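Structural overview
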Amino acid sequence: MTNATLLTLAGHDYRAAFRNRVLAALLLTLLFVTTVSVLVAAFGYQAQLDEYERYKAAAAAAGIDTVAPLPLRALQLLRPVVEYLEIIGAVIAIALGYLSVARERGNRTLRLLRTRPVSAGELAFGPALGAVALITTLVVVTATIGVVSIGIWGHDWIDGEQAIKVVLWCIASIAYMGVFYCLGAALTARSRVLANGLVAALVVWLVVVLIIPQIGDTMDPDNQVPGGLFSALNLDKPHETRILANFGTYERVRNGIEELSLAKHYERFAFAILDVKDKYRGMSIGQLTTETRSDIIWMLAYVVVLAGALRMTVGSPAAQSGGDDE
Amino acid sequence: MIGVIAAHQLRMLSRERIFLAILAALLLMTVLAGFIGWSSHNTIVRVYEESSAMLASEGQPAPPNPFDLKPRLSLLSNMTIYIPLIGALLAIVVGHLAIVTDRAAGSTRLIFSRPILRSTYLWGKLTGIAGALVAILAASYVLSVISLTIVNGSAPTADELGRLALFYALSLAYMVLFALVGMATALVVHGRSLALLVALGIWMAVTFMVPQFTSGLRPTASLNPIVDPVSTSQQFFRVTSNLRPFSISEQYRDASASILQTAPDRAAFDGMRQLLPISALLVALGLLTAVLVNRQDLSERGAND
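Residues numbered from 1 in each chain as written. Chains lettered and ligands numbered in written order. Predicted model: local features only at pLDDT ≥ 70, side-chain atom pairs only at ≥ 80, totals over all residues.

Some words on the overall build of chain A
Broken down by element type, chain A carries 13 helices and zero strands. Written out in order from the N terminus, the α and β elements of chain A read α-α-α-α-α-α-α-α-α-α-α-α-α. Each principal axis of the C-alpha distribution contributes one length, and for chain A these read about 80 × 45 × 35 Å. Burial status across chain A gives 45% buried among its 326 residues. Residue pairs in contact within chain A that sit at least 24 positions apart in sequence constitute 85% of those at least 6 positions apart. (Helix = DSSP H or I, 4+ residues; strand = E, 2+ residues; numbered from the N terminus. Buried ≥ 20, exposed ≤ 12 C-beta atoms within 10 Å, placed from the backbone. Contact = placed C-beta atoms within 7 Å.)

Some words on the overall build of chain B
Broken down by element type, chain B carries ten helices and zero strands. Secondary structure of chain B in N-to-C order comes out as α-α-α-α-α-α-α-α-α-α. Buried residues in chain B amount to 44% of all 305 residues. Long-range contacts, defined as pairs at least 24 residues apart, comprise 80% of the intrachain contacts of chain B with a sequence gap of at least 6.

Quick notes on the environment of Ile129(B)
Residues and elements named next belong to chain B. Structurally, Ile129 is set in helix 5 (residues 118–152). Residue classification places Ile129 among the buried positions, given that 25 C-beta atoms sit within 10 Å. Each C-alpha atom, one on Ile129 and one on Met209, is 27 Å from the other, the two residues being 80 residues apart in sequence. Beyond its immediate sequence surroundings of up to four residues, Ile129 is in contact with Gln9, Val94, Gly95, Ala98 and Ala179.

Thoughts on unusual backbone geometry
Glycine aside, a negative phi is what most residues show, and trans is what most peptide bonds show. A positive phi is found at Asp275(A), a non-glycine position, where the angle reads about 65 degrees. Residue position: Asp275(A) is located in the loop between helix 11 (262–273) and helix 12 (285–291).

Considering helix 11 of chain A
All names here are of chain A. For helix 11, with twelve residues, the first-to-last C-alpha span of 17 Å sits near the 16 Å given by 1.5 Å per residue. The complete set of buried residues in helix 11 reads Leu262, Ala263, Lys264, His265, Tyr266, Glu267, Arg268, Phe269, Ala270, Phe271, Ala272 and Ile273. Along its buried surface, helix 11 packs onto helix 3 (79–106), helix 6 (160–190), helix 7 (194–219), helix 10 (248–259), helix 12 and helix 13 (293–313). Once helix 11 finishes, Asp275 follows within two positions and takes phi at roughly 65 degrees, a positive value. (Expected span 1.5 Å × (residues − 1).)

Focus: the nonpolar core
Ile94(A), Ile92(B), Val94(B) and Ala179(B) are the most contacted members of the largest nonpolar core, which has 167 residues in total. Residues within four places of Ala179(B) in sequence aside, it is in contact with Ala91(B), Ile92(B), Val94(B), Gly95(B), Ile129(B) and Leu133(B). Leu229(A), Ile243(A), Ile44(B) and Tyr48(B) belong to the second largest nonpolar core, which has eight residues in total. (Core = buried A, V, L, I, M, F, W, Y, C linked by C-beta atoms within 7 Å.)

Re the confidence of the model for chain B
Residue and element names in this part refer to chain B. Residues of chain B with pLDDT of at least 70 account for 90%, and the chain-wide mean is 82. Confidence, read as mean pLDDT per element, is least for helix 8 (residues 235–240) in chain B (75) and greatest for helix 6 (residues 158–188) (93). Taken over the whole predicted complex, pTM reads 0.84, whereas the ipTM for its chain interfaces reads 0.79. (pLDDT = per-residue confidence, 0-100.)

Some details on the interface of chain A and chain B
Taken residue by residue, the interface counts 54 residues in chain A and 46 residues in chain B. Broken down by element, the residue count for the side of chain A that touches chain B peaks at 17 residues, all from helix 7 of chain A. In terms of residue class, the side of chain A that touches chain B is built from 37 nonpolar, twelve polar and five charged. (Nonpolar A, V, L, I, M, F, W, Y, C, P; charged D, E, K, R; others polar.)

Describing the packing of helix 11 of chain A against helix 13 of chain A
How two helices sit against one another is set out by the angle between their axes and by the gap between those axes. Residues and elements named next belong to chain A. Between helix 11 and helix 13, the least distance of the axes is 9 Å, while the angle of their chain directions is 135 degrees. Between helix 11 and helix 13, the angle is such that the two are oblique. Judged by the sense of rotation from one axis to the other, the crossing of helix 11 with helix 13 is left-handed. Only Asp295, Ile296, Trp298, Met299 and Tyr302 of helix 13 make contact with helix 11, whose side of the interface consists of Leu262, His265, Tyr266, Arg268 and Phe269. (Axes fitted to C-alpha atoms, helices over the stretch in contact; angles between N-to-C directions. Parallel < 35°, antiparallel > 145°, perpendicular 65-115°, else oblique. Left-handed = near helix turned anticlockwise from the far one by under 90°.)

Points about the environment of Ala263(A)
Residues and elements named next belong to chain A. Mapped onto the elements, Ala263 comes out in helix 11. When the C-alpha positions of Ala263 and Thr66 are compared, they lie 41 Å apart, and in sequence the two are 197 residues distant. Apart from the residues lying within four places of it in its own chain, the contact partners of Ala263 are Glu86, Val208, Val209 and Pro213.

Details of the environment of Ile92(B)
All names here are of chain B. Its location among the elements puts Ile92 in helix 3 (residues 79–105). A C-alpha to C-alpha distance of 10 Å links Ile92 and Ile202, two positions 110 residues apart in sequence. Once residues lying within four places of it in the same chain are set aside, the contact partners of Ile92 are Phe178, Ala179, Val181, Gly182, Ala199, Leu200 and Trp203.

Given below as structure tokens:
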């Protein structure tokens with residue numbers, strides 16, 4: 001596998017993706033919704049900060065020295081971005097994978113490529129590298145917009161440790177979307193009719209990203225009442241933990257269902273690293289990676305398995321054959 | 001002739017493996033919806049009992065049970081999510097296939113080589129699509145009744161059966177809406193996969209993006225039947241909440257929740273107000289599809305992908 005061939009194929013795919021109007025529209029839509037959602041969250045955050053400062057000043061004037069810290073963290077404003085990447089980002093990655101195979105097959109360029117000294121690995125991973133570069137661009141731009149919005153409109157610039165957390169989240173997002181790219185490309189390469197590969201990948205997406213997490217979420221007792229069951233019962237966290245300890249089997253089944261989903265592993269890791277979940281707040285990056293090691297291992301396993309599937313399908317001569325509909 | 005086109009449409013769908021796979025997923029989830037509803041409800045009742053006992057042992061009064069008087073149909077609350085997720089996607093695929101399969105096989109040109117009006121063709125297609133969706137939802141209805149009977153330990157009452165029928169009628173309207181989206185995009189966008197992606201983009205905007213702007217619902221919050229829209233204290237939502245009537249997925253979920261009485265504090269079903277946006281969009285999309293069918297390019301180049 002030569003670097004020059006890989007880079008040539010990657011560059012070709014990177015440029016070609018931008019020329020597709022539907023994909024460009026999907027990318028721009030994702031950028032738009034994530035930007036607006038972070039902006040809205042940042043304005044809300046700023047309002048809460050101001051309110052907290054006023055409360056602190058009033059408490060100080062009344063002679064109260066100790067005021068509980070504000071239960072808000074700047075990075076948690078990126079939560080809607082995580083969720084959009086989880087749902088829409090995965091579809092964009094599938095579309096990238098599909099287009100990467102459909103383009104070559106539709107233009108009959110796969111056969112042409114095979115007349116050159118290009119190995120099966122280069123044929124599979126060259127375009128994948130281009131797609132990963134595109135995904136990286138998308139994730140980095142989204143993260144930058146998010147961080148800058150938090151700084152300017154939320155009045156809270158992130159520090160060095162938080163910057164490392166954002167980088168780790170970006171890496172996880174790229175890996176997550178990369179898995180869906182491999183899925184889209186592999187299933188399209190296997191399909192005689194290109195559109196069937198795309199639909200099959202979307203069915204997998206529906207199950208993995210929407211249905212399995214939805215089942216897990218609706219089985220969560222705290223999600224059954226607006227505002228949370230335990231809040232409705234006026235119970236604090238220690239009480240909640242004590243009660244849930246009596247429902248171990250139910251929680252294990254619920255957790256087992258959620259663990260089947262790659263989307264849930266990505267979400268859990270992202271929420272932990274971005275301070276979204278209370279239980280991870282105050283932990284160092286080392287502690288956070290240890291706490292979420294199971295999610296990291298699952299994500300790596302998916303990357304390895306889907307990259308293998310990509311190598312076996314896109315790199316095989318059978319990927320050249322079949323109908324084309326573009 | 002409308003019947004012939006509709007029957008052909010149904011035969012063609014029954015041969016599509018992708019359609020059958022999504023259909024199987026929807027029916028499976030219908031069965032699971034009852035079980036999940038029962039399982040989570042049962043657990044929460046036990047959580048409440050344990051919470052009350054714990055608070056009593058600490059000398060505190062027991063809070064009111066948030067699940068008091070919860071109707072039996074609320075066990076199917078997950079269906080209000082599965083229809084906009086799986087059902088709408090299934091409908092998009094049905095609408096999409098109605099156009100692209102004929103085009104790929106070259107039968108669109110063949111059909112119009114006969115003395116057939118374009119409106120006849122459209123009505124035939126719509127009848128076929130509606131027939132398929134009615135059959136799917138009728139199967140879902142039967143499965144829901146069986147699930148309710150098993151989980152509740154008794155058959156649903158006449159009122160409950162009526163409410164369930166009303167819910168599935170609303171779901172049919174919602175699914176036809178997305179079938180029209182699938183048809184319209186297949187008629188506008190050349191290339192079947194790109195047409196499917198565009199339809200999917202519209203579905204994602206309706207399901208996940210619009211509710212975030214009108215109600216502050218994060219994308220994953222849209223997957224939960226129990227939602228808590230953001231308050232209108234923020235200036236942004238004070239403005240955008242006025243657009244909530246145009247958020248079709250929220251209107252569908254609210255109307256479904258009212259029909260199935262899934263939330264105790266939910267207002268009674270207000271047919272006209274809640275169904276108006278969906279009905280208006282249905283008419284608008286129907287007209288748009290009719291215009292697109294009339295303008296469909298039947299030249300040799302235009303009729304094939």
